[in-house]
Amino acid sequence: MSGALLIVWSDIPPDCEAAFNDWYNHEHLPDRVGRMPGFARGRRYVATAAAESLVAGAPKYLTLYDLTDARLMLSPAHVALRKVRPPRDLQFVQLFRNTIKGICDVVARSGSAGESEFLALLPVTAREPDFAARVSGELLPLLVAMPGVTNATVAMRNAEVTAASSAKDDRVGDRYADGLIVVEMVSANAAPPVVRALGGDSLATLGGAVQFVQAAVLLRRIYELRAASLMGFKS
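Residues numbered from 1 in each chain as written. Predicted model: local features only at pLDDT ≥ 70, side-chain atom pairs only at ≥ 80, totals over all residues. Heavy atoms only, no water.

## Digging into the pattern of salt bridges
- Scanning the entire structure with this criterion turns up 19 salt bridges.
- For E184, the salt bridge is made with R43, and the minimal N-O distance between the two is 3.1 Å. A residue pair is termed long-range when its members are at least 10 positions apart, and E184 in strand β8 (residues 179-185) and R43 in strand β2 (residues 39-47) qualify at 141 residues. The burial state of E184 is the same as that of R43; both residues are buried.
- A salt bridge links R134 to E138, with the shortest nitrogen-to-oxygen separation between them at 3.0 Å. Of this pair, R134 and E138 both sit in helix α5 (residues 131-144), 4 residues apart, roughly one helical turn.
- Given the relative accessible area of 42%, E138 is considered partly exposed. (Salt bridge = Lys/Arg side-chain N within 4 Å of Asp/Glu carboxyl O. Helix = DSSP H or I, 4+ residues; strand = E, 2+ residues; numbered from the N terminus. Buried < 20%, exposed > 50% of the residue type's maximum accessible area, 1.4 Å probe, protein only.)

## A look at the nonpolar core
- Counting 49 residues, the largest nonpolar core has L143, V183 and M185 as its most contacted members.
- If we ignore the near neighbours within four places in the chain, the residues touching L143 are V149, A152, V183, V194, A197 and L198.
- Among the nonpolar cores identified, the runner-up in size contains 27 residues, and L29, V33, M73 and I103 belong to it. (Core = buried A, V, L, I, M, F, W, Y, C linked by side-chain atoms within 4.5 Å. Contact = heavy atoms within 4.5 Å.)

In structure tokens, the structure reads:
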């Protein structure tokens, strides 16, 4: 089980999406998952058409990294990588728009590690100190009992690493999530009850609230890279 989640969730100008996806899949993601010890997996998702129409303002493209520890963001290897950036990094990183990031420690995960093509993502903030514990004990078991759901995770911001990370200097206006609820599913058909369970009223009863978006967003996986696959093992 990963110790932390790193997300980069952003829009990109439509006229450069094809080149952006090629760069992300074949250069940017391998640079992290292949070169950074502790970056166990990187997954890329795109918001489904339904999500784009129902959740106004939600970014389109999500990258979700599984890290062994959030402090990897401050490691010498990661700092060195960011200091010398390839030309296409410099080109595309400045084109990100409407960006939401998260450097979050995993608090709890329920369910299995089965393959999941879809996930629902919800940035959250705590209004009460026991919010994450209540999500772990009350909401996650409810979610993983739903048909088609493989696992559910709650993770909360690592404030120290977020404050110290140079990643926050990429662009003016990037927002950082206080927490994340991630629900993985085998098909989009599993999404409606999940999205309802992640509604604002439900979170309020647990001592929290939705952050940055209006509701949980359904995304479809478009690319995945595991560290093991870069060492000659099947991904």
